Amino acid sequence: MRNLLVTGGAGFIGANFVQYWLQRGVEGQLTVLDALTYAGNRSSLASVESDSRFSFVHGDICTPGLAESLLRERRIDTIVHFAAESHVDRSISGPDAFVTTNVIGTHELLKAARTVWLQEQAVEGPVRFHHVSTDEVYGTLAPDDPAFHEATPYAPNSPYAASKAASDHLVRAYHHTFGLPITTTNCSNNYGPFHFPEKLIPLVIVNILDGKPLPVYGDGRQVRDWLFVRDHARAIEVVLERGRVGEVYNVGGRNEWANIDIVKLVCALVDERLAADASLAARFSASPASRGAAAESLITYVTDRKGHDRRYAIDATKIESELGFIPEETFETGIRKTVDWFLSNEAWWRAVMDGSYLRWLETNYAPSV
Ligand SMILES: NC(=O)c1ccc[n+]([C@@H]2O[C@H](COP(=O)([O-])OP(=O)(O)OC[C@H]3O[C@@H](n4cnc5c(N)ncnc54)[C@H](O)[C@@H]3O)[C@@H](O)[C@H]2O)c1
């Protein structure tokens, strides 16, 4: 039994984690702390709202004293820290929010945990601060370089990656200096249900359905290692249960794909689904498939992202061999589930795509000249 504080639980991965955790039927309370920024959607938590173990606190992790009072009042023994500014493109157009939330916000949480758990000893039993981080802290790989492992030197290239790297170092320092029981996971790119449609895979799905251009950065040959989001949730659970305190675990899908190949695969899957189901073709009447054309016709190459990392790949040997974690979903099954989820949950993605988001898309995906 654990009492969890899940920061950023209304975001993409956080919401999937909360659903996964509560579906397992564990005892104990789960509190989500989320500021509901553009990326946070309370609607992603609709399926757990009536669960008596669940509660939601609308708040900012940077607010001094907020996390501290939650830990004390709710007897929280486990923090799973997802809250972050997470989109690389936004960190290029406006880095300040990344330093504030990812660095200062993480530090506020660490201070709260140290005060309540270590200094006041206000919570009985084992405690854990689990920090959710990214493979982007390791920088970029050439095509034949070995994949990132836990001892790969940090070389963050974007303001996003640098802010996550800084937060990783603070988490490590609170363990070494103050003895805070921490674990960290550095995970590769996630995909799946509730993914905000400004990221590659959901953007491609919803733009095909609306008959809009599919923006592909540069030559589209950037390689990422993709993991189904529920497998990420399982990995965090495994690390909470069996991970060694103070350790870092890399999490990945051993599933490297070039962006352009993903876009073409998603095009083929959406075409296939609409060809097989006349009611879907009628509902998404702007999509190429509904008029007998191929979704690939929408692909539009746009100016590459500044400093775009070429390749990320995760060596997941440590979590596999030490904790026995293996992803359940293959890319073939996971991507089909993802396409089907977006086909079945149009109300969700229409609601999260408001005006400010659309204006942001227009300024960030400029056609290449
Ligand atoms: N998406 C990926 O592929 C990926 C891969 C590896 C690691 N990660 C890490 O996982 C975590 C979650 O990523 P995601 O894709 O779900 O992000 P997301 O942007 O979808 O969600 C972030 C959540 O944090 C909340 N938030 C932002 N600032 C906050 C603040 N100051 N106080 C409280 N809440 C705040 C947002 O409202 C949102 O609900 C991040 O730490 C990210 O670095 C993401």
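To be clear, the structure that these remarks concern was listed above.
Residues numbered from 1 in each chain as written. Predicted model: local features only at pLDDT ≥ 70, side-chain atom pairs only at ≥ 80, totals over all residues. Heavy atoms only, no water.

Trainee: Give me the sheet that holds strand β9 (residues 223-228): which residues, what numbers.
Mentor: Across the sheet, three strands lie side by side as β7-β9-β11; this open sheet has mixed pairing. In this open sheet, the two edge strands, each paired with only one partner strand, are β7 (189-191) and β11 (256-258). On average, each strand axis in the sheet is tilted by 50 degrees relative to the strand beside it, whichever way the strands run. Pairing analysis gives three bridges linking β7 to β9, with the strands arranged parallel. Bridged to Y191 within β9 is F228. (Pairing = 2+ DSSP bridges. Helix = DSSP H or I, 4+ residues; strand = E, 2+ residues; numbered from the N terminus. Axes fitted to C-alpha atoms, helices over the stretch in contact; angles between N-to-C directions.)

Trainee: Can you lay out the environment of T184 for me, pointing to particular residues and giving the numbers?
Mentor: With respect to the helices and strands, the residue T184 is situated in strand β6 (residues 182-187). With 112 residues separating them in the primary sequence, T184 and R72 have C-alpha atoms 23 Å apart.

Trainee: Tell me about the packing of helix α1 (residues 12-23) against helix α7 (residues 229-242), and name the residues and values.
Mentor: Axis separation between α1 and α7 bottoms out at 9 Å; the angle between their running directions is 65 degrees. α7 is crossed by α1, and the crossing has right-handed handedness. In contact with F12, I13, N16, F17, Y20, W21 and Q23 of α1, α7 contributes V229, R230, H232, A233, R234, I236, E237 and L240. (Left-handed = near helix turned anticlockwise from the far one by under 90°. Contact = heavy atoms within 4.5 Å.)

Trainee: An account of the side chain of N190 is requested, with residue identities and associated values reported.
Mentor: With respect to the element layout, N190 can be found in strand β7. A distance of 2.9 Å separates a polar atom in the side chain of N190 from the backbone oxygen of S188. (Polar contact = N/O pair within 3.5 Å; in protein donor to acceptor, adjacent residues only side chain to side chain.)

Trainee: Go over the pairing of β9 with me, naming the residues and quoting the values.
Mentor: Sheet faces and side chains relate simply in a regular strand, where the side chains alternate between the two faces. Extensive coverage of β9 is indicated by the burial of six of its six residues. Alternating residues of β9 divide into V223, D225 and L227 and R224, W226 and F228, and every residue in both groups is buried. The sheet contact formed by β9 and β11 spans three bridges and is antiparallel. Within the sheet, the bridge partner assigned to R224 lies in β11 and is W257. (Buried < 20%, exposed > 50% of the residue type's maximum accessible area, 1.4 Å probe, protein only.)

Trainee: Please set out the nonpolar core residue by residue, giving values where relevant.
Mentor: If you look at soluble globular proteins, the nonpolar side chains tend to sit buried side by side. Ranked by size, the top nonpolar core spans 39 residues in total, and within it I208, L209, L214, V263, V266 and W349 carry the most contacts. Every element with two or more residues in this core is listed here: α6 (200-209), β8 (214-217), β9, α8 (259-276), α11 (331-344) and α12 (346-352). Looking at which element gives the most residues to this core, the answer is α8, with eight residues. Apart from residues lying up to four places away in sequence, L209 is in contact with V270, L274, F284, A286, S287, L343 and W349. Core analysis: the second largest hydrophobic core is formed by 24 residues, V57, I61, L70 and L109 among them. (Core = buried A, V, L, I, M, F, W, Y, C linked by side-chain atoms within 4.5 Å.)

Trainee: I'd like a description of the sheet that holds strand β2 (residues 30-34), backed by residues and values.
Mentor: Overall, parallel pairing links the seven strands, which are arranged β3-β2-β1-β4-β5-β6-β10 in an open sheet. Pairing within the sheet leaves two strands with one partner each, and these edge strands are β3 (54-58) and β10 (248-251). Taken over all neighbouring pairs, the strand axes of this sheet differ in orientation by 20 degrees on average, direction set aside. Pairing of strand β4 (residues 78-81) with strand β5 (residues 128-134) involves four bridges; the strand directions are parallel. Directly across from I79, in β5, lies its bridge partner F129.

Read these as geometric descriptors, not functional statements.
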